[in-house]
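Coordinates in review
Next come the chains, spelled out residue by residue.
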Amino acid sequence: LAYPIGKKTNGFYTRLEFTAPAPAIAELERIFRLDEDVVRYLTVLLDKKALAYKQVVADRQAAGEPIETEPEPRREGGRDGDRGGRSGGGSREGGAPRGDRPAESPR
């Protein structure tokens, strides 16, 4: 890790890409929050442009064409979970409110 999280100084990074309905994503995040071995997670929703770009790249790879290296498209709608000593599981500081909870009013 780049810095200690919850007194842990090492760990593994895993990246998964999948398509699933919203209830499955919510269940996966619930499982991550309950698992003490999961220190942090990030769930992102790729926008339409990112999905189209990934499809073009996959089609070109399948056809054996060379792939131009471009930066990955921007993502939107991310939700992250930080279990580095905070209660409640997620880190929503400064981020957009989750869709399943009402937004907090400014103080």
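Residues numbered from 1 in each chain as written. Predicted model: local features only at pLDDT ≥ 70, side-chain atom pairs only at ≥ 80, totals over all residues. Heavy atoms only, no water.

1. With respect to the packing of aromatic side chains
Applying the stated rule across the entire model yields one aromatic pair. Ring geometry for Phe32 against Tyr41: centres 5.5 Å apart, planes inclined by 45°, an arrangement best described as tilted. The class for Tyr41 is buried, based on a relative accessible area of 8%. (Phe/Tyr/Trp six-rings, centres within 6.5 Å; stacked < 30°, edge-to-face > 60°. Buried < 20%, exposed > 50% of the residue type's maximum accessible area, 1.4 Å probe, protein only.)

2. A few points about helix α2 (residues 48–63)
Taking 1.5 Å per residue, 16 residues should reach 22 Å; α2 reaches 23 Å between its end C-alpha atoms and fits that length. Gly64, located one to two residues past α2, shows a positive phi value of around 80°. (Helix = DSSP H or I, 4+ residues; strand = E, 2+ residues; numbered from the N terminus. Expected span 1.5 Å × (residues − 1).)

3. Digging into the side chain of Thr43
The residue Thr43 is located in strand β1 (residues 40–45) in this model. In this structure the side chain of Thr43 is engaged in a polar contact, spanning 2.8 Å, whose partner is the side chain of Glu29. (Polar contact = N/O pair within 3.5 Å; in protein donor to acceptor, adjacent residues only side chain to side chain.)

4. Looking at the pattern of salt bridges
Under the definition given, this model contains three salt bridges. We note a salt bridge from Glu17 to Arg15, for which the minimum N-O separation is 2.6 Å. Classification of Glu17 by relative accessible area gives partly exposed; the value is 47%. Under the relative-accessibility criterion, Arg15 is labelled exposed at 54%. Between Arg30 and Glu27 there is a salt bridge; the shortest N-O distance is 2.8 Å. Highlighted residues: Arg30 and Glu27, both in helix α1 (residues 22–34), separated by three residues, approximately one helical turn. The class for Arg30 is partly exposed, based on a relative accessible area of 36%. Here the salt bridges do not stand alone but share partners, grouping Arg15, Glu17 and Lys54 into one network. (Salt bridge = Lys/Arg side-chain N within 4 Å of Asp/Glu carboxyl O.)

5. Quick word on unusual backbone geometry
Although it is not a glycine, Lys7 sits at a positive phi angle of roughly 65°. One can find Lys7 in the segment before α1.

6. Points about the confidence of the model for the chain
Summary statistics for the chain give a mean pLDDT of 75 and a share of 64% for residues scoring 70 or more. Confidence, read as mean pLDDT per element, is least for strand β2 (residues 76–82) in the chain (57) and greatest for α1 (94). In the model, residues 85–96 has pLDDT below 50 throughout and makes 18 contacts with residues more than four positions away in sequence or in other chains. (pLDDT = per-residue confidence, 0-100. Contact = heavy atoms within 4.5 Å.)

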